[in-house]
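These are the residues of each chain, in order.
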Amino acid sequence: MAIKTYDNRHICTIETTRISQAEEQALPKREKLMNYLKSLRFASDRHPSTEKHLKSTYQLSKENERLARSFPAFIIHPFSLLRVYMDIVIFIVMNLHLVLLPFAFSFLAFLPHPIRHTVEYVDLALCGLLFAEFVLKFCTGYVILETNEIVLDPRRIFFNRLRPFRLVYDLLLFLPYILVLEVFDHWVYGAGAEACLMFVSFLYLSNIARFRDSNRYFRVIPRCMQVSESRIRIVQVILNTLYVLHWTTCLGYIIPLLLGIRSPSDDSDHWLLLDGMSQDFQRANRTMVLRSATDPFVRLRLNDIQTNSSASYRYFRSMMATIRVGLASCDRKDLEQHFMYQWIMWLVMFLGWIWFNYVPIVLCRVFDSPEMATDQYDKFVDNLKAYAYNKRLSSELERELRANFAARFRTSYFDEELIMGLFPKNLRSSIRMETCRHLVGSVDLFKNLPYFILADIVNCLQLEVYLEQDVIIEAGSYGDSMYFLAAGTVAVYAMNGKELGHLTDGAYFGEISLVQRNQQRTANVVALEQCEIYRLSHEDFQNVIKPHTYLLNRIRKQAAQRLSMMKRKRDKMYGKKIIEAFLQ
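Residues numbered from 1 in each chain as written. Predicted model: local features only at pLDDT ≥ 70, side-chain atom pairs only at ≥ 80, totals over all residues. Heavy atoms only, no water.

**Q** Hey, could you run me through the sheet that holds strand β14 (residues 531-537) in this one?
**A** Strand pairing within a sheet occurs via backbone hydrogen bonds; the two strands may be parallel or antiparallel. Taken in spatial order, the four strands line up as β5-β14-β8-β11 in an open sheet, and their pairing is antiparallel. The strands lining the two open edges of the sheet, one partner per strand, are β5 (462-466) and β11 (508-509). By the bridge criterion, five bridges tie β5 to β14 in an arrangement that is antiparallel. In the sheet register, V465 faces β14, and the bridge partner there is E532. (Pairing = 2+ DSSP bridges. Helix = DSSP H or I, 4+ residues; strand = E, 2+ residues; numbered from the N terminus.)

As structure tokens, this is what we get:
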């Protein structure tokens, strides 16, 4: 069988398709670029969630037709390439913003103005990108997880985003808090440490739970790389812990300082600490200022500045203290001054901290029932890898095994036979009818059949999964089954290799084999993508229909009429070819 493919990719030989492809290739580069930019808002098979919600190219094209025909041009599909790119960018931007914000107020507030200005400009740019994402959400559809409905209606999107709690929550993310950094040192002197403490606490409370948003944007990256869900959750827990550790480290440095200067104004030590952290202290006599301080806390902070005034040194020193306090190792005031001792203890305790966070993760994976299907799927994929390795299977065959399994279960493993065995026969029949009745009901031979016969036919269907380029029917073979295409696209080729057309979701073929067994196939049917196909064998159909003789005779008559019509078309086509050859 001659099938025209190149690098395992289908090349369509249908005339209208080839003309449209040629016209598209002949467009100027500017128009190609504009068409590409316009296509970014449509659903794409490169989005990691597309395969789960849209099983075939046909469903994908219908979804894009719905978007183009029924909704304004500014609406963006939630499974579009634009959303993939934006999720990756916003994940980076959001984390940079949420990491830079506490660090700036804790360690950069009293540094020289040029450094503060640079940080402010960078964070304002990040806030601008976050604001763009906030606006883009009003143009992006969403999925209702309970029903898998893809909402693209602008009115529903608008009111969904305008829910009060969500609106305030989103607004608090990109507000330019960094502008307060410009006056933060003067604010401490003027408004007092209490006001600054309230502001810093507000930042912490409004942003400490932002790792949930970060996780949502992060998931698109490993899913595009086909990383297992269990590994994604482990990475998320580690990133979340580092995020909380960073915020706690920064606040663990600035809050004790603000609490320390809440004493009366005649306590010169605490005001001396503020002066010591300012730019003027860098030009003063540090040794004399340090000796004049009597408070242990003030002396410790001034010693940090005198020993090494870099913000990174003070940040890592605060992180070490935070980790030690988190492990109940010591109080913050009990800090040894030897540099090497601190770093060795930090390393040992950090490794212990990782271990004691890993144990709850493992326990959560065991008892996390909503994720059991995903975990079972990942375990079965690991079993497939081990099986391929043990049997010394080729890498290509291993990929086919995994692709077939992925097409069958789509990241959620379940034992269908076990589940169906739990229910009575009538309920099993109802489940099958709900999933497959639309396939059987569209067949001309089955129209006007009683419901109970259709139910018996549906119960005989067997699900089969075919991968790209798999041959479903081979021309010249003898048929013994009919096929229902539930999801996917197949190509039909004549015996000479000419492509006759495509069949998509809901199509069927091979129905004559149900009435006349061993009828020779006249065409090749090849899968162009992953296809879910239900097969109905000749024996099963005959067992269902034989007790009803009048129905069997009617179906045989319809099949004979269809065969004669197909024969007339074939004879007419061949006769036309003979006449053309004779005239030449």
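**Q** Would you mind showing me how to read the packing of aromatic side chains here?
**A** One pair of aromatic rings is described through two measures. These are the centre distance and the angle between the planes. Using the criterion set out here, one finds 23 aromatic pairs in the structure. Taking the centre distance of 5.5 Å and the plane angle of 70 degrees together, the rings of F103 and Y315 count as edge-to-face. One end of the pair, F103, is in helix α5 (residues 81-108); the other, Y315, is in helix α17 (residues 311-326), and 212 residues separate them in sequence. When the centroid spacing of 5.4 Å and the interplanar angle of 75 degrees are considered together, the rings of Y315 and F316 count as edge-to-face. Taking the relative accessible area as the measure of exposure, Y315 reaches 11% and is therefore buried. Residue F316 is classed as partly exposed on the basis of its relative accessible area, which comes to 34%. Residue placement shows R216 over the ring face of Y217; its charged tip is 5.2 Å from the ring centre. Positioned above the aromatic ring of Y389 is the side chain of R392, whose terminal nitrogen or guanidinium carbon lies 5.2 Å from the ring centre. (Phe/Tyr/Trp six-rings, centres within 6.5 Å; stacked < 30°, edge-to-face > 60°. Buried < 20%, exposed > 50% of the residue type's maximum accessible area, 1.4 Å probe, protein only. Lys NZ or Arg CZ within 6 Å of the ring centre and 35° of its normal.)

**Q** Is there a simple way to think about the sheet that holds strand β13 (residues 523-527) in this case?
**A** Reading across the sheet, the four strands line up as β6-β13-β9-β10 and stay open at both edges, with antiparallel pairing between neighbours. Single-partner strands in this sheet number two, and they are β6 (471-473) and β10 (499-503). Across the sheet, the axes of successive neighbouring strands diverge by a mean angle of 30 degrees, strand direction being ignored. Of the pairings in the sheet, the one linking strand β9 (residues 490-494) to β13 comprises five bridges and is antiparallel in character. Bridge assignment links A494 to a residue of β13, and that residue is A523. (Axes fitted to C-alpha atoms, helices over the stretch in contact; angles between N-to-C directions.)

**Q** Teacher, can you tell me more about the pattern of salt bridges here?
**A** Any two side chains of opposite charge can pair, on the condition that their charged atoms come close. Tallying each qualifying case throughout the model produces ten salt bridges. Notably, a salt bridge pairs R216 with D213, separated by 3.2 Å at the nearest N-O pair. Of the two residues, R216 and D213 both sit in helix α11 (residues 211-218), three residues apart, roughly one turn of that helix. We classify R216 as partly exposed; its relative accessible area is 45%. The class of D213 is buried, set by a relative accessible area of 8%. (Salt bridge = Lys/Arg side-chain N within 4 Å of Asp/Glu carboxyl O.)

Geometry only, nothing functional implied.
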